[in-house]
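Below, each chain spelled out in residue letters.
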Amino acid sequence: MKINTRKYGELTIDEDRILHMPKGLPGFPGLDRFALLEDPKTAPFCWFQSVEEPDISLVVMNPFLFKPDYRIEQLDGLMSEMGWNDVKTEQLVIYVVVNISGSGESRKITANLIGPLVINPNTKEAVQVVMSDSDYSHQHNVLAPS
Amino acid sequence: MLVLTRKAGEKIRIGNDIVLSVLEVDGGTVKMGIDAPRDVDILRMEVFEKIQRENIEAASRPFEEISEALDIVKKKLPKE
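Residues numbered from 1 in each chain as written. Chains lettered and ligands numbered in written order. Predicted model: local features only at pLDDT ≥ 70, side-chain atom pairs only at ≥ 80, totals over all residues.

Asks: Summarise the interface of chain B and chain A; cite the residues concerned and give the values.
Replies: Facing 27 residues of chain B, the contacting portion of chain A comprises 32 residues. Considering every element that reaches the side of chain B that touches chain A, the biggest residue donor is helix α1 (residues 45-58) of chain B, with 10 residues. Here the residues of the side of chain B that touches chain A are counted per class, giving 15 nonpolar, two polar and 10 charged. (Contact = placed C-beta atoms within 7 Å. Helix = DSSP H or I, 4+ residues; strand = E, 2+ residues; numbered from the N terminus. Nonpolar A, V, L, I, M, F, W, Y, C, P; charged D, E, K, R; others polar.)

Asks: Go over the sheet that holds strand β2 (residues 18-26) of chain B, please, and point to the residues and values.
Replies: Residues and elements named next belong to chain B. If you walk across this open sheet you meet the three strands as β1-β2-β3, and the pairing is antiparallel. Strand pairing shows two members of the sheet lacking a second neighbour, β1 (11-14) and β3 (29-35), which therefore form its edges. Taking each pair of neighbouring strands and ignoring which way they run, the sheet shows an average axis angle of 25°. Inspection of the sheet shows β1 paired to β2 by four bridges, in the antiparallel sense. In the strand pairing of β2, K11 is matched with S21. (Pairing = 2+ DSSP bridges. Axes fitted to C-alpha atoms, helices over the stretch in contact; angles between N-to-C directions.)

Asks: Any chance you could break down unusual backbone geometry for me, citing the residues and the numbers?
Replies: Residues and elements named next belong to chain A. A cis amide bond links A43 with the next residue in sequence, P44, at an omega value of 5°. For K124, which is not glycine, the phi dihedral falls at a positive 60°. With respect to the secondary-structure elements, K124 resides in the loop between β9 (117-120) and β10 (125-128).

Here you go:
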């Protein structure tokens, strides 16, 4: 199917790459279909692109690249709540939302470690988990030694 | 917004399956208990708002900024 994207204009992607977000995405009420766009040119950054709203495309990345011991405590609870019985924890695909602030020497690149995107590749569903009681930061410095 | 005054030990019922209990009131702090079905997400509002803000920010960075940040990240992080 054809989708309009913020970075790449019109793209044709397979229908089975569309992810459904049954609980929505905080900040974007009403949007619940997204596609994860990977591009070797922008790796490790990927794009979590709204299918319904071309201008909405979040920068996301694999958290284990900078935080190898990253853990999401609620995964088991999430899987039973979502009825994800057909998938093992290690098959879930995890991304975190990346932000950039400041400029020049004071440029900061941060990742939100308390709101990971958890994707079930089998059901094509994605959930942004809210980690209420975690010691992680919503603005974790990606460049800090882990 | 509906405003109700409750004392410690009193409850509020919301719909058929949510009950809020005021467990303890101490100075400016209220301890609450919440009974709700498992599929109802219960969050501290400020945590939800942080996530909301990060999402909105992450969706609106100019591409130029993103590619500068990408260069920095590529230099410092191991390849995938």
